[in-house]
Amino acid sequence: MLRFLHSSDLHLGKAFGGFPEAIRNRLREARHGAIARLAQAARDGGADTVLLAGDTFDAETPAPDTLRHAVRAMAAQTDIRWIMLPGNHDSLAATELWRRILSQDLPNLQVVTDDTPLALNDHAMLLPAPCTQRRPGRDLTAAMSAPTPEGCLRIGLGHGAITDFSGEEGVPGIIPPDRARMSGLDYLALGDWHGRMQVGTETWYCGSPEADGFKHDMTAGALLVTLDGGARVDVVETGTLQWRTLMLDLLPGDDPAARLDAELPAAHLRRDLLLRLQATGRLPLADRSTLEAKAEAIGPDFGWFDHDFGQLATDTRPDDLDQIDHAGALRQAAEALLAEAHDPTLSLSEREVSGNALSRLYALALKVQA
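Residues numbered from 1 in each chain as written. Predicted model: local features only at pLDDT ≥ 70, side-chain atom pairs only at ≥ 80, totals over all residues. Heavy atoms only, no water.

Student: What should I look at first to understand the side chain of Asn-108 in this one?
Tutor: Position of Asn-108 relative to the elements: it lies in the loop between helix 3 (95–102) and strand 4 (109–111). Classification of Asn-108 by relative accessible area gives buried; the value is 9%. Here the side chain of Asn-108 touches Ile-80 through a polar contact of 3.1 Å, landing on its backbone oxygen. Not counting chain neighbours up to four residues away, the residues in contact with Asn-108 comprise Met-74, Ala-75, Gln-77, Thr-78, Ile-80, Arg-81 and Trp-82. (Helix = DSSP H or I, 4+ residues; strand = E, 2+ residues; numbered from the N terminus. Buried < 20%, exposed > 50% of the residue type's maximum accessible area, 1.4 Å probe, protein only. Polar contact = N/O pair within 3.5 Å; in protein donor to acceptor, adjacent residues only side chain to side chain. Contact = heavy atoms within 4.5 Å.)

Take a look at the structure:
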């Protein structure tokens with residue numbers, strides 16, 4: 001029997017440049033904190049080995065403090081053995097990165113720099129396939145067919161695509177989906193895909209231990225793997241920050257603020273949530289204004305918040321414009337925006353911009369009047 005924790009894609013040092021500074025700092029710190037959480041997850045599950053299946057670092061030249069803090073955090077978990085595989089972001093081409101790690105005295109951290117089989121214990125062998133460069137262009141996992149002593153468990157450790165993760169359905173990747181069968185593996189631990197995915201009975205992508213985007217609608221974690229006459233895989237949650245896209249499809253007669261409230265978590269749970277709100281459908285101008293005001297009010301509750309109402313059509317009646325002004329420059333601006341929002345000669349995006357602007361003008365007018 002063998003038990004270990006399978007993780008990958010920590011991407012330590014990721015910049016998160018598209019976000020405000022405050023949440024960028026929290027996102028980076030959460031990724032660093034994943035090291036201790038992975039160690040505790042292994043410990044709690046009765047394992048003493050963590051397999052890191054590539055992209056531990058986000059770049060081939062991580063900042064000195066990122067590298068130093070990472071290896072010290074791993075070294076501090078003295079009862080845990082870390083086995084680190086170079087991925088496509090931190091491939092073997094990053095010779096200085098791996099030289100710096102290997103030059104340190106880190107007895108519980110082992111970097112895999114070639115595809116030589118590695119003994120995990122007397123009855124289990126690791127068959128690694130480190131990434132030689134960012135785009136190797138060939139199936140490095142072929143090395144997992146190397147012979148091992150009779151009766152040993154065979155665990156593959158690789159990084160790369162079985163399917164094309166660019167979003168094109170049916171496009172094959174580099175690693176064959178039946179690599180575990182082809183190479184006689186009891187388990188194939190893969191990294192590269194940031195969401196958890198089972199490819200076959202013995203083949204898994206573990207996903208990132210800390211979510212880093214809205215793409216994967218699942219709790220971030222790692223996999224506790226037990227090999228004992230077969231592979232048993234248990235998901236262990238390790239993420240601290242959540243990413244969520246909230247879709248609201250609205251129609252006239254709906255109470256948009258109530259619909260939104262019904263979908264939101266309790267106020268004390270919002271700080272650790274990055275929320276993207278997308279509204280579609282159609283609303284009267286007054287109700288849309290209410291929704292926009294609600295979105296503006298709740299935004300500071302969250303770790304990060306954004307909303308997109310570009311696909312939300314607005315029903316505007318001429319008497320709605322009286323709420324903005326009965327005459328003068330504001331009334332003229334509102335009438336122009338209303339005309340543009342319904343002008344079939346304009347593109348959809350141009351009509352949406354005008355509709356959004358009219359809704360903002362309406363909301364501002366009501367605020368001034370209040």
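Student: Where do I start with the sheet that holds strand 10 (residues 203–205) in this structure?
Tutor: Hydrogen bonding along the main chain pairs the strands of a sheet, whether they run parallel or antiparallel. Read from one edge of the open sheet, 6 strands run 5-6-7-8-10-9, paired in mixed fashion. The open sheet terminates on both sides in strands that have one partner only, identified here as strand 5 (118–121) and strand 9 (197–200). Neighbour-to-neighbour, the strand axes of the sheet open up by a mean angle of 25°, direction not taken into account. Examined bridge by bridge, strand 8 (residues 187–191) and strand 10 share 3 bridges and lie parallel to one another. Each residue of the ladder has a partner; that of Ala-189, found in strand 10, is Trp-204. (Pairing = 2+ DSSP bridges. Axes fitted to C-alpha atoms, helices over the stretch in contact; angles between N-to-C directions.)

Student: Whenever I open this one, the pairing of strand 12 (residues 231–237) confuses me. Can you help?
Tutor: Bridge count between strand 11 (residues 221–227) and strand 12: 7 bridges; the pairing is antiparallel. Pairing of Thr-226 across the sheet is with Arg-232, part of strand 12. What sits between the antiparallel neighbours strand 11 and strand 12 is a turn of 3 residues, in which Gly-229 has the positive phi angle 75°.

Student: Can you help me understand the environment of Leu-246 in this one?
Tutor: Summarising the element assignment, Leu-246 is placed in strand 13 (residues 242–250). Separated by 30 residues in sequence, Leu-246 and Arg-276 have C-alpha atoms that sit 6.1 Å apart. If near-sequence neighbours (up to four positions away) are discounted, Leu-246 is found in contact with Leu-260, Glu-263, Leu-264, Leu-275, Arg-276, Leu-277 and Gln-278.

Student: I keep staring at the sheet that holds strand 2 (residues 49–52) and nothing clicks. Help me out?
Tutor: If you trace the 6 strands from one edge of the open sheet to the other, you get 4-3-2-1-11-12, paired in mixed fashion. In this open sheet, the two strands that pair with only one neighbour each are strand 4 and strand 12. Geometrically, the sheet is characterised by an average inter-axis angle of 25° between neighbouring strands, direction not taken into account.

Student: Is there a simple way to think about the environment of Arg-138 in this case?
Tutor: Considering the arrangement of structural elements, one finds Arg-138 in the loop between strand 6 (124–129) and strand 7 (153–159). Setting aside residues up to four positions removed in sequence, Arg-138 forms contacts with Thr-132 and Ile-174.

Student: How do you make sense of the nonpolar core when you look at a structure like this?
Tutor: Side chains of a nonpolar character, in soluble globular proteins, are inclined to be buried together. Within the largest apolar cluster, 30 residues are counted, with the highest numbers of intra-cluster contacts made by Trp-82 and Ile-101. Core analysis: the second largest hydrophobic core is formed by 22 residues, Val-112, Ala-189, Trp-204 and Cys-206 among them. (Core = buried A, V, L, I, M, F, W, Y, C linked by side-chain atoms within 4.5 Å.)

Student: Help me out: how do you make sense of the state of the cysteines in this one?
Tutor: Disulfide: a covalent bond connecting the sulfur atoms of a pair of cysteines. A full pass over the atoms with the stated rule returns 0 disulfides. Of all cysteine sulfurs, the one in Cys-131 lies closest to Cys-206, which takes part in no disulfide; the gap is 14 Å. (Disulfide = S-S within 2.5 Å.)

Student: I would appreciate a short explanation of the environment of Ala-142 in the present structure.
Tutor: Note on placement: Ala-142 falls in the loop between strand 6 and strand 7. Distance from Ala-142 to Ala-93, taken between C-alpha atoms, is 20 Å for residues 49 residues apart in sequence.

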